[in-house]
Amino acid sequence: MSDHEVRPPGLPEPDGKSVLAGSSDTGVQAPAQIQRRSPGRLALRRFTSNRLAVFGAVFILLLVVLATFAPWLTPYTPQEVNLQAYRNPPSAEHLLGTDSSGRDVLTRLLYAGRVSLSVGLAAALGAGLVGLILGSVAGMVGGRVDSIIMRTADVVLSFPSLVIVIVFAGLFGPSLRTIILALALFEWPTASRIARGLTLSLREREFVEAARAIGSSEFRVMVRHIVPAVLPPLAVVVTLLVAQAILVESALSFLGYGVQPPTASWGNMLTEAQSLTILSRMPWLWLSPGSLIALTVLAVNFVGDGLRDAVDPNQT
Amino acid sequence: MTDAVRGQLVGSDARPLLSVDDLEVRFSTPDGTVHAVNGVSFDIQRGETLGIVGESGSGKSVSVRAVMGLVRPPGKVTAGSVVFDGNDMRSLSQRQLRKFRGRRIALVPQDPMTSFNPVVPIGAQITEMIRLHDPDCSKEQARARGIALLESVGVPSPERRFDEYPHQYSGGMRQRAMIAMAVANSPDLLIADEPTTALDVTIQAQVLEVLQDTLRETDSAMILITHDLGVIAELADRVVVMYAGKVVEYSDVRTIFHNPRHPYTVGLLSGLPRVELQGQKLTAIPGNPPSALQVLPGCSFEPRCSIGNGDPVCRGEEPPLAVIGEGHGSACHYHDQVPELVERVLIPAVKGSRDE
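Calculation criteria
Residues numbered from 1 in each chain as written. Chains lettered and ligands numbered in written order. Predicted model: local features only at pLDDT ≥ 70, side-chain atom pairs only at ≥ 80, totals over all residues. Helix = DSSP H or I, 4+ residues; strand = E, 2+ residues; numbered from the N terminus. Buried ≥ 20, exposed ≤ 12 C-beta atoms within 10 Å, placed from the backbone. Contact = placed C-beta atoms within 7 Å. Nonpolar A, V, L, I, M, F, W, Y, C, P; charged D, E, K, R; others polar. Axes fitted to C-alpha atoms, helices over the stretch in contact; angles between N-to-C directions. Parallel < 35°, antiparallel > 145°, perpendicular 65-115°, else oblique. Left-handed = near helix turned anticlockwise from the far one by under 90°.

### Looking at unusual backbone geometry
Residue and element names in this part refer to chain B. The omega torsion of the bond from Pro-73 to Pro-74 falls at 5°, within 30 degrees of zero and hence cis. Residue position: Pro-74 is located in the loop between α2 (60-67) and β4 (75-84). The residue Asp-22 is not glycine, and still its phi comes out positive at about 55°. Looking at where Asp-22 falls in the secondary structure, it is placed in strand β1 (residues 18-29). Classification of Asp-22 as partly exposed rests on a count of 13 C-beta atoms within 10 Å. One non-glycine residue, Ser-157, lies in positive phi territory at about 35°. Looking at the element boundaries, Ser-157 is found in the loop between α5 (139-152) and α6 (158-161).

### Focus on the interface of chain B and chain A
Each partner contributes residues to the interface: chain B has 18 residues there, and chain A has 14 residues. Contributing elements (two or more residues each) for the side of chain B that touches chain A: α3 (94-100) and α4 (122-133) of chain B. The element best represented in the side of chain B that touches chain A is α4(B), accounting for 3 residues. Per-class residue counts for the side of chain B that touches chain A are 8 nonpolar, 5 polar and 5 charged.

### A look at the packing of helix α6 (residues 143-158) of chain A against helix α8 (residues 176-203) of chain A
Residues and elements named next belong to chain A. It is at 8 Å that the axes of α6 and α8 come closest, and there the two elements cross at 140°. Compared by their axis directions, α6 and α8 come out oblique. In terms of crossing hand, the pair formed by α6 and α8 is left-handed. Across from Met-150, Ala-153, Val-156 and Leu-157 in α6, the residues of α8 making contact are Phe-186, Pro-189, Ser-192, Arg-193 and Arg-196.

### Describing helix α11 (residues 263-270) of chain B
Where burial is concerned, most of α11(B) is hidden: 6 out of the 8 residues are buried. Those residues of α11(B) that fall on the buried side of the exposure criterion are Pro263(B), Tyr264(B), Thr265(B), Val266(B), Gly267(B) and Leu268(B).

By themselves, these are just geometric observations and shouldn't be taken as functional.
In structure tokens:
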């Protein structure tokens, strides 16, 4: 429309072309696509706005990277004994000193990270999986099955888990697999309670009834409608379980029932601190594994808290 | 149920698509047994729309849940038979019943807000319905079918809407998507459980229209549950009126409106707003439905009935569902007095308003 003539829109131009048709290619742009915010993206945004959670996540990621690339990061191997360098304090050669067998503490710390982190993760995932299955079955089936599962959970919860795991390790011989199994078998009740509670409320929802009305089996209802809804809160519980599992593993290894030397774990590196001389005079032997345990557990808990807020659908 | 009634309900000689006979559903609760459905019988022919009317708690929804085998503990179907296209549904296992649900009998639930999983896109829920009963159907085919279905019920830009979540749909659109999903596998029988109750009045008409069009295209029979007689008048071919878990009257849709033969039906009709009665109060049926916890002898409508209240016969004897005309039955001892009641209650109200 270059002329100054005012004409009602839609009226044909003298040449027969519609004014509106003409104006459309002069470039009224389609409104920019409104950016959709998926539930996942919203959760990520909530998570990243929590500084402590981000710190925790970064710390753990860093640990994972360091532990993974340990062979390239240090010139020593964790089992390398050097009797000349016996309980040496930190130096340029051994950044964190050496232990009673002359092994490099930093190297052992990195390799121990592999063990401690994977034990924690595997045990927590195992416990989460057992809890998810038992909890959602209990909630879905109800009745006697529910009572049996939940009373078992109560019984398991009433044992001091550390003692049980020690007994377990004593019976089946201390090994990584025993610890993971024992932790998974005795830490599931928390996860199962969460799963059951959510299942109970979900199974009465109308979309579950609608799912049945279209011919879904109970199993399908569980897999398709219950489990996906249970997973986010369960992820929080599992994260917190990771922290707990790392602690239990450390305690076990410290007591000698966990990861067996010469394999290094943060817990069994602390064993040396059982001697009073070392405790008072050679802090490099226990300070670093001890603080790593504390920091890792703290970081994992921060991540757990951040996740809890992030997956809470009531938050914006 | 007598053979005469049976013959009446079956109507023509054809074998009905669904035949429910003497259905009884009980719920065990801590307060006692709830008698939700007490001997309900009805039939439905292929392609026909049967309206079931009654107030809340009259056993409408439970009856059709029983048809689909969806009565869950503590509820239990305790007696009666449900025969769908020659299959005795009560003798089938859950596994066998699942082959019917969603494929041959589909449900349009009452509340479209809560009947979709809020965290699964609408399209995925529709394709689930399709692929559940047709495992050979590829994802792409199911998607194409789903989009076509959404389009057929009038969801605008179905291609885009297909991937949207339920909360991005409006109420009416969600109910239309529900209808699309229900007819996805061209069921023989559609059960619409108060399909418009949760919707805006302006949307109700739209949804009913979609429902009607869809029925016409798919040639499905429909059971339409509602407490809205207006909806019945618009869509149903025949009507069953339920009260306290029983059928109190059945007939074709014209007869219900023009020659009701049960005082309860009259009560429902007088509660219907009419243009002629502008400015007047609507008449309510006095009292409340009886508690389903106790079963009294006699007619369950007696305490609220303007004909039989206090009548020893009504109090002492349960009226049988008797045939009183062509395809018309009433469970009232004094059904021959009902036309008089209509004269007294319905007609003067209209006349009076005209005189003003």
